[in-house]
Amino acid sequence: MKSFSAPIFALALAGTAPAMAAVVHDASSGLKSVEFLEGWRLPNGNRMAAARIRLEDGWKTYWRAPGGIGIPATFDWTGSENLSEVRFHWPTPTVYRDDGLVTIGYKHELVLPIELTAPDAGQPMIINTTVDFALCHDVCLPASARISAVLMPDAEVEKAAITAALDAAPFTADQAGITGVSCGIAPVSDGFAITARFTTRDTLSGTALTVFEYPHSDVWIDGTKTTHSGNEVTVTSMLYSYSETPLVLDRGRMRLTVLDQGRAIDIQGCPAL
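Structural notes, computed from the coordinates. Given the structure is predicted, the values throughout are model-derived calculations rather than measurements.

Before going further, it helps to spend a moment on the sheet that holds strand 16 (residues 232-241). If you walk across this open sheet you meet the four strands as 12-13-16-15, and the pairing is antiparallel. Every other strand in the sheet has two partners, leaving strand 12 (179-188) and strand 15 (219-229) as the edge strands with one partner each. The mean inter-strand angle of the sheet, taken between neighbouring strand axes irrespective of direction, is 15°. Here strand 13 (residues 191-199) pairs with strand 16 via nine bridges, running antiparallel. Paired with Ala193 across the strands is Met238, a residue of strand 16.

Note on placement: Thr207 falls in the loop between strand 13 and strand 14 (209-213). Accessibility expressed as a relative area gives 47% for Thr207, which makes it partly exposed. Each C-alpha atom of the pair Thr207 and Thr226 lies 9.1 Å from the other, and the pair is 19 residues apart in sequence. If near-sequence neighbours (up to four positions away) are discounted, Thr207 is found in contact with Arg97, Leu259 and Asp260.

In terms of nonpolar packing, the biggest core is built from 37 residues, with Phe36, Phe75, Leu116, Ile127 and Phe133 touching the most fellow members. Where this core is concerned, the elements lending two or more residues are strand 1 (31-41), strand 2 (47-55), strand 3 (60-67), strand 7 (101-107), strand 8 (109-117), strand 9 (125-136), strand 10 (140-151) and strand 14. Within the second largest apolar cluster, 25 residues are counted, among which are Ala208, Val235, Val258 and Cys270.

Counting buried positions over the nine residues of strand 8 gives eight, a clear majority of the element. Across eight bridges, the pairing between strand 2 and strand 8 is antiparallel. Paired with Ile53 across the two strands is Leu110, which belongs to strand 8. Strand direction decides the pairing type here: strand 5 (residues 85-88) and strand 8, joined by four bridges, are antiparallel. Note that in strand 8 the partner of Glu85 across the bridge is Thr117.

A word on the side chain of Ser237. Take Ser237: it is sitting in strand 16. One polar contact links Ser237 to Thr224, side chain to side chain, over a distance of 2.7 Å. Filtering out sequence-adjacent residues up to four positions away, Ser237 remains in contact with Phe192, Ala193, Ile194, Phe212, Ile221, Asp222, Gly223 and Thr224.

Take Ile127: it is sitting in strand 9. With relative accessibility at 0%, the residue Ile127 sits in the buried group. When the C-alpha atoms of Ile127 and Glu81 are compared, they prove to be 6.7 Å apart, with 46 residues separating the residues in sequence. Not counting the four nearest positions on each side in its chain, Ile127 is found in contact with Phe36, Trp77, Ser80, Leu83, Leu116, Ile147, Ser148, Ala149 and Leu151.

What follows covers the state of the cysteines. Defined simply, a disulfide is a covalent bond joining two cysteines at their sulfur atoms. Enumeration according to the criterion identifies two disulfides in this entry. Here Cys136 connects covalently by a disulfide to Cys140, the sulfurs 2.1 Å from one another. Handedness of the Cys136-Cys140 disulfide follows from its S-S torsion of about -45°: it is left-handed. What makes Cys140 buried here is its relative accessible area of 1%. The disulfide partner of Cys183 is Cys270, and the S-S distance across this bridge is 1.9 Å. Between Cys183 and Cys270 the disulfide shows an S-S torsion of about 90°. By sign, it is right-handed. With Cys183 in strand 12 and Cys270 in the segment after strand 18 (263-268), the pair connects residues that are 87 residues apart, well separated along the chain. When its relative accessible area of 2% is taken as the criterion, Cys270 is described as buried.

About the thresholds
Residues numbered from 1 in each chain as written. Predicted model: local features only at pLDDT ≥ 70, side-chain atom pairs only at ≥ 80, totals over all residues. Heavy atoms only, no water. Pairing = 2+ DSSP bridges. Helix = DSSP H or I, 4+ residues; strand = E, 2+ residues; numbered from the N terminus. Axes fitted to C-alpha atoms, helices over the stretch in contact; angles between N-to-C directions. Buried < 20%, exposed > 50% of the residue type's maximum accessible area, 1.4 Å probe, protein only. Contact = heavy atoms within 4.5 Å. Core = buried A, V, L, I, M, F, W, Y, C linked by side-chain atoms within 4.5 Å. Polar contact = N/O pair within 3.5 Å; in protein donor to acceptor, adjacent residues only side chain to side chain. Disulfide = S-S within 2.5 Å.

Below you can see the structure in the form of structure tokens.
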């Protein structure tokens, strides 16, 4: 069983130039480096940048829904200027099955594309963010990095690495030929029992895993199971609410991701049966 220990290193990335400053860390931690890739300005005026976490052999970090014991990377953008919205484009992760535990993440490196919206696209964007994440091998270690940068409107940096990560994004439901998506929702003590059904164009393997997500700070999702007969897939899950006010589920915000043999399918929304 893997366990979390106290942090053994600190990362400091600072500076006002577009390039990032040095990274300080314990060489035995499994972490090689953390970088901020400045990227480029998109036609709509947003900026496509990325965070890159490089790991020693055998170490991994986690996807946004990491499984039973993982911790996903989170960002605090307090102190940034000319920044109004942040959107993450997670590349397709790998499912790891170790000692009966299932976790979802990345080995070697994670390049996480980050789409940044500036209220004034013609002016520099000042980035100040703290990223908290975790590294796992025989033990799992929490880590934190401070990133500071000034992004000039017309700068173009590290496009190849970011583009490769964007190309590794999950297929959409339409691209993967997913049809007939529907969800049945039944109230239970402290939450809801959810049964999702859909049809796939390609038959899933016996190791296919479906992740159910619902964006709410007071929600815990557990016990998700995927079964299929031919191309008909059924996913069951328990959603528990710890909110002080009654939770009303918004079907449009439900999200299912099918992970199977190195590919992923992103299903957004789950209408009624």
